[in-house]
Amino acid sequence: MPLQALRTVARSQNGVGAFILQCKRLDFHYCDWAGSSKGMNSFLQSHLPAFAASNPQIEITVSPRPRKHPVIKGTYINGREKAVCVRNMEVKEILAKAELLRDANGEKLRKAKKPVKSANESVRGIWDPFHGANWSI
Amino acid sequence: MKRLRLDRWGAQFLPPQYQVPRPRVLCPYQQASHDHRIQHSTRFYRSTPAIRDTPDYEDSIDLATPLEQLPSPPPKLASSSAKLAALHARLSLPSKLPLHTLARCLVDASADPSPDFNNSSLAILGSEILGYHTSEYLLCHYPRLPMTVLFAAQYAYVGPKALRSMTLEWGVEVAAEPGGEVDPGLLQLKRLRPEEAVIQAGETGRPNQQWAYRRGTSSRIVYDDQFGDLKKDATTASGNAMVVGSSTAQGPGATDEEASKNFVRALVGAVYLHAGRAAAKRFFEQHFLSRQLELSKLFDFKHAPRDLSRLCAREGFESPVARLISETGRLSRHPVFVVGVYSGNDKLGEGAGASLDEARIRAAAAALKGWYLYSPIDAMVPSDVEGGDKEKKKWEPAMIDIGEIIT
Amino acid sequence: MKRLPRTARSVDLLLDISRPTSICRSCRLRAAQQSALSTSAIRREGPVPFTERIRKRIYGTENPPGQEDPYARNSPLRQTPETREELRVLESEDDLTVQKATPESSELANMYEPANSWDSLEWVGGEDYLEALKDDEKPYVGFMHGTKVQDNDEIRAALRRAVVEVYTLHYAGREDLTDVCNARHNDDDFKSLLDRNYEWLALSIKEPRIKFAIVKRVMQLTGIRLSDYAIQTSPTVEALLQRLTTKPKPKKLVEALHADSRFANLQNVKLFERRVTPIDKEKQVGRWKVIEEALVNRDLPVTGHQ
């Protein structure tokens, strides 16, 4: 039989060509009545337009969630969601949380044990005893 | 020869001026005879988008029809979808590509059979463009790739599975059911039901139809699609080719993979039509070519030493000889043999294995890969010099290989 | 302040001497002090206290001053000369005599018999009753404009019209300037009165009659209710115009966000007026119609429960 081929799918390298921001949606929930939503309400009036303009690739929804604490929910490309309750926070703090959610990917928080994570093999190769200068058969 | 202005021809595929009478393909859900409840539910969902409708979206669409009865959202709603606008920006699409075309790309033919409102025509154009750019890249950069591996590489870059994974990576969600009330930023398709999923062999276009199941590579090059697979017409459940343009027949549904494939292809076609050839190529390079594919992992040799031996004979090299370079643990449970294949004094390839045979075969495979995966430095592709004298690039002829090894 | 008519003063119940009382002397004394008639004479029960006798001797009169409770509402110590004059005038008018009413005797009263069922009784209430009550010959005409005028130019024109009308009457020497409100013709096109001369804005409207008439007229024309504070703190016509044209702060945040022009250009932002419910989410993905049809087919309630 002649040469056959194995089918795979090319792996994406986000950022090598185009960069896809991993945060695809941010939901801002506020309350007209609750005092804990005061900062969020100010944030929505003051800072949200600029934040949305500088991040056009994020779908931003603003909707009331009556009688509940204000919350920001982020939805990511990998399908996971992250929610941050911003009760009793000031405008700057809420902006920081929104930026935190925007900069995250949807992965669970885990400790980075190794300094580098790569799909490419090592450039100089892994040592083996068979190719050294002293080896001779 | 005068250059073909495909973008001018493509103008007919651009969205109509909203005066096209929309064929009322009634959704099954309009059977729900509780009209008042449907109307209540359309009024129930009321959100005012941040962007107001501009006056020229004053509709020619019949307002009396509730949205649920339309097969896909009306084009004017595209400007009010935040999801769609976010998708446009996430993919860094050119601003010449309007939102209503992007919305159209997301409507599969199974959701809306009307060719003016679905992505089928754009998908045909886009599949050709994608196939062209991928194949020119592979052929110019890897001139010695065997045909089967070429098919596999093409599949890996722009095949249905690749396009499906790209759709997921782009954050495009699938709507549960198609309809006019669905968010225009969702991929809309009618899902294939299990009873419709029977694939029968249709007409492949071959003269020896009864042997079509045993088609070889040459036969695939001539009669099959860019991946070496049977064309879609040949695999419909009914056995008849789907007529593009029929607005009455709602054929069987589509799978997520098929709809994603159509969406990505339609998007490329739309970029080409609205923004031009160079923009389409740039889109391809940024999103498709930037993906990593290990071509060496695609090879599946059946008789590596034999193929190598035929290759050396053809090229006039000395016949290959396998020599043991190093070994350890010959009598143990896990021996390691490192074997090199030499043509005279030149080592063609090296391989390590747990047995002498294994090592020898791996060495031959490595040698063949070395041959097949040759890539000329500074290879040019034909589309680099397309489009006249803007870049002033001079065409350097690509290397054309004499062919595969015949065994 | 108008005093309560004598029959309504609860303190008079205490002052009724003919009734046997179990009220202590000090309370009775205080009640007597709060009564109007007690400004001149203290009515007291029992022996006169020693302090009172001393005070009488000091001042040499029967009613020495200083006995009045300064904290009582009706105390004479809280009255200015003007109010005292007013009170005296009112008291002279307020000369009501109390008569006990006799019950009305009629044959009907003897014939009364409570009904056992509602067959022959008059039915009060319900839609027919309301329909019968309606008097279409004289339809109700409200005082103010039906809807609040939103356009600032229209408000300005209405104000100018009010100012012109009131001042016309004022210079004509009319007493009651609020007669301007009687002109109820229906030309809503106030804008034709708008002119480029701005001197009328600087007019001072501190005089209460003129201010009241202007305010009443402009409220009638525009339908905008001004608060008392807004009226009191508007010394000029311009200030009044300012009060009329400033829009109230939006009660809901989403209204303020809609009014913000920055959101109009943002295509990736979606604002919702109400809470996004699970049904809304199902509708966005198109699944709701399937769910609804399935529920209807099974005779189950679409929202809520059985």
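Shown above is the structure to which this text applies.
Computed from a prediction, not measured in an experiment: that's the story for all the values here.

Asker: Any chance you could explain the overall build of chain C here in plain terms?
Answerer: Check the secondary structure of chain C and you find 14 helices and one strand. Out of the 306 residues in chain C, the part that is buried amounts to 28%. In chain C, the proportion of contacts linking residues at least 24 apart, taken out of those at least 6 apart, comes to 61%. Of the roughly 22,500 Å² of accessible surface on chain C, 53% is carried by carbon and sulfur atoms.

Asker: Can you help me understand unusual backbone geometry in this one?
Answerer: Working note: non-glycine residues mostly have negative phi, and peptide bonds are mostly trans. Unlike most non-glycine residues, Asp378 of chain B shows phi in positive territory, near 55°. Phi angles above zero are rare outside glycine, and Asp299 of chain C is one such case at about 60°. With respect to the helices, strands and loops of the structure, Asp299 of chain C is situated in the segment after helix 14 (288-297).

Asker: When you look at the interface of chain A and chain B in this model, what are you seeing that I'm missing?
Answerer: You'll often see interface size given as the accessible area lost when the parts meet. Across the contact, 32 residues belong to chain A and 46 residues belong to chain B. Between chain A and chain B lies a buried interface of about 3,400 Å² when both sides are counted; carbon and sulfur atoms form 56% of it. Between chain A and chain B we count three salt bridges in total. As a salt-bridge pair, Arg7 of chain A and Asp229 of chain B come within 3.0 Å of each other at their nearest N and O atoms. Linking chain A with chain B are 15 residue pairs in polar contact (both at pLDDT 80 or more), by the criterion used here.

Asker: What am I meant to see in the nonpolar core here?
Answerer: What tends to happen in soluble globular proteins is that the nonpolar side chains get buried as a cluster. Ranked by size, the top nonpolar core spans 80 residues in total, and within it Trp170, Phe263, Leu267 and Phe288 of chain B carry the most contacts. Taken together, domain 1 (6-192 + 250-295) and domain 2 (299-372) of chain B each give at least three residues to this core, which thus spans both. When residues no more than four places from it in sequence are discounted, the contact partners of Leu267 of chain B are Leu91, Leu93, Leu97, Leu102, Cys105, Trp170 and Phe283 of chain B. Core analysis: the second largest hydrophobic core is formed by 32 residues, Phe43 and Met89 of chain A together with Val269 and Leu271 of chain C among them.

Asker: It is not clear to me how the packing of aromatic side chains should be interpreted in this structure. Could you clarify?
Answerer: Ring pairs (aromatic) are described by centroid distance and by the angle formed between their planes. For the coordinates displayed, the defined rule picks out 12 aromatic pairs over all chains. Residues Tyr167 of chain C and Tyr171 of chain C carry aromatic rings whose centres are separated by 5.7 Å and whose planes lie at 45° to one another, so their mutual orientation is tilted. Here Tyr167 of chain C and its partner Tyr171 of chain C are both found in helix 7 (residues 152-171), four residues apart, which amounts to about one turn of the helix. With a relative accessible area of 66%, Tyr171 of chain C lands in the exposed category. Three or more aromatic residues link up through ring pairs in this structure, and these residues are Trp170, Phe263, Phe283, Phe284 and Phe288 of chain B. Above the plane of the ring of Tyr155 of chain B lies Arg7 of chain A, whose end atom (NZ or CZ) is 3.9 Å from the centre. Lying across the ring of Trp200 of chain C, Arg160 of chain C places its NZ or CZ 5.9 Å from the centre.

Asker: Just checking my understanding: could you explain the interface of chain C and chain A for this structure?
Answerer: In this assembly, 19 residues from chain C lie in contact with 20 residues from chain A. For the chain C and chain A pair, buried surface summed over both sides reaches about 1,500 Å², with 61% attributable to carbon and sulfur atoms. Summed over the three residues of chain C that lose the most area to chain A, namely Leu253, Arg262 and Asn268 of chain C, the buried surface amounts to 39% of that side. Linking chain C with chain A are zero salt bridges, by the criterion used here.

Asker: I would appreciate a short explanation of helix 14 of chain C in the present structure.
Answerer: In an α-helix, one turn spans 3.6 residues; hence positions three or four apart end up facing the same way. All names here are of chain C. Those residues of helix 14 not exposed but buried are Trp288, Lys289, Glu292, Leu295 and Val296. Buried residues along helix 14 cover an arc of 130° about the axis, so they all sit on one side. Phi for Asp299, located one or two positions after helix 14, is positive at around 60°.

Asker: What's the story with the pattern of salt bridges in this structure? I'm lost.
Answerer: Taken as a whole and assessed by the stated rule, the structure comprises 35 salt bridges over all chains. A salt bridge links Glu173 of chain B to Lys83 of chain B; the nearest nitrogen and oxygen atoms lie 3.3 Å apart. Within this pair, whereas Glu173 of chain B is found in the loop between helix 7 (160-169) and helix 8 (217-223), its partner Lys83 of chain B is found in helix 3 (residues 82-90), the two being separated by 90 residues in sequence. On the basis of relative accessible area, Glu173 of chain B is assigned to the partly exposed category, the value being 28%. Lys83 of chain B gets classed as buried once you look at its relative accessible area, which sits at 14%. Here Glu285 of chain B makes a salt bridge to Lys281 of chain B, at a shortest N to O gap of 3.9 Å. In this pair, Glu285 of chain B and Lys281 of chain B both sit in helix 10 (residues 277-289), four residues apart, roughly one turn of the helix. Exposure remark for Glu285 of chain B: the relative accessible area of 36% places this residue in the partly exposed category. Each of Lys24, Arg25, Asp27 and Glu59 of chain A together with Lys83 and Glu173 of chain B takes part in one network of salt bridges that share partners.

Asker: Which parts of the structure should I look at to understand the side chain of Asp260 of chain C?
Answerer: Along the chain, Asp260 of chain C falls in the loop between helix 11 (253-259) and helix 12 (261-264). Polar side-chain contacts of Asp260 of chain C include one of 3.1 Å to the backbone nitrogen of Arg262 of chain C. Excluding residues that lie within four positions of it along the chain, Asp260 of chain C makes contacts with Gln45 and Pro49 of chain A.

Asker: Got a minute to help me understand the sheet that holds strand 4 (residues 71-76) of chain A in this structure?
Answerer: Strand-to-strand pairing in sheets goes through backbone hydrogen bonds, with the strands running parallel or antiparallel. Pairing in this open sheet of five strands is mixed, and the strands run 5(A)-4(A)-2(A)-3(A)-1(C) from one edge to the other. Each end of this open sheet is capped by a strand with a single partner; those strands are strand 5 (81-85) of chain A together with strand 1 (269-271) of chain C. Ignoring which end each strand starts from, the neighbouring axes of this sheet average 15° apart. Where strand 3 (residues 59-64) of chain A and strand 1 of chain C come together, three bridges link them in parallel fashion. Looking at the pairing, Ile60 of chain A lines up with Val269 of chain C of strand 1 of chain C.

Asker: Could you clarify how one ought to interpret a nonpolar patch on the surface in this entry?
Answerer: On the surface, Phe50, Ile54, Ile58 and Tyr59 of chain C cluster together into a nonpolar patch covering about 450 Å² of accessible area. Structurally, Ile54 of chain C can be placed in helix 3 (residues 50-59).

Calculation rules
- Residues numbered from 1 in each chain as written.
- Chains lettered and ligands numbered in written order.
- Predicted model: local features only at pLDDT ≥ 70, side-chain atom pairs only at ≥ 80, totals over all residues.
- Heavy atoms only, no water.
- Helix = DSSP H or I, 4+ residues; strand = E, 2+ residues; numbered from the N terminus.
- Buried < 20%, exposed > 50% of the residue type's maximum accessible area, 1.4 Å probe, protein only.
- Contact = heavy atoms within 4.5 Å.
- Areas by Shrake-Rupley, 256 points an atom, 1.4 Å probe, with all protein chains shown as cover.
- Buried area = accessible area lost by both parts, 1.4 Å probe.
- Salt bridge = Lys/Arg side-chain N within 4 Å of Asp/Glu carboxyl O.
- Polar contact = N/O pair within 3.5 Å; in protein donor to acceptor, adjacent residues only side chain to side chain.
- Core = buried A, V, L, I, M, F, W, Y, C linked by side-chain atoms within 4.5 Å.
- Domains from an automatic or database assignment.
- Phe/Tyr/Trp six-rings, centres within 6.5 Å; stacked < 30°, edge-to-face > 60°.
- Lys NZ or Arg CZ within 6 Å of the ring centre and 35° of its normal.
- Arc of directions from axis to C-beta.
- Pairing = 2+ DSSP bridges.
- Axes fitted to C-alpha atoms, helices over the stretch in contact; angles between N-to-C directions.
- Patch = residues over 30% accessible without salt bridge, like charges linked within 9 Å, V, L, I, M, F, W, Y side chains within 5 Å.

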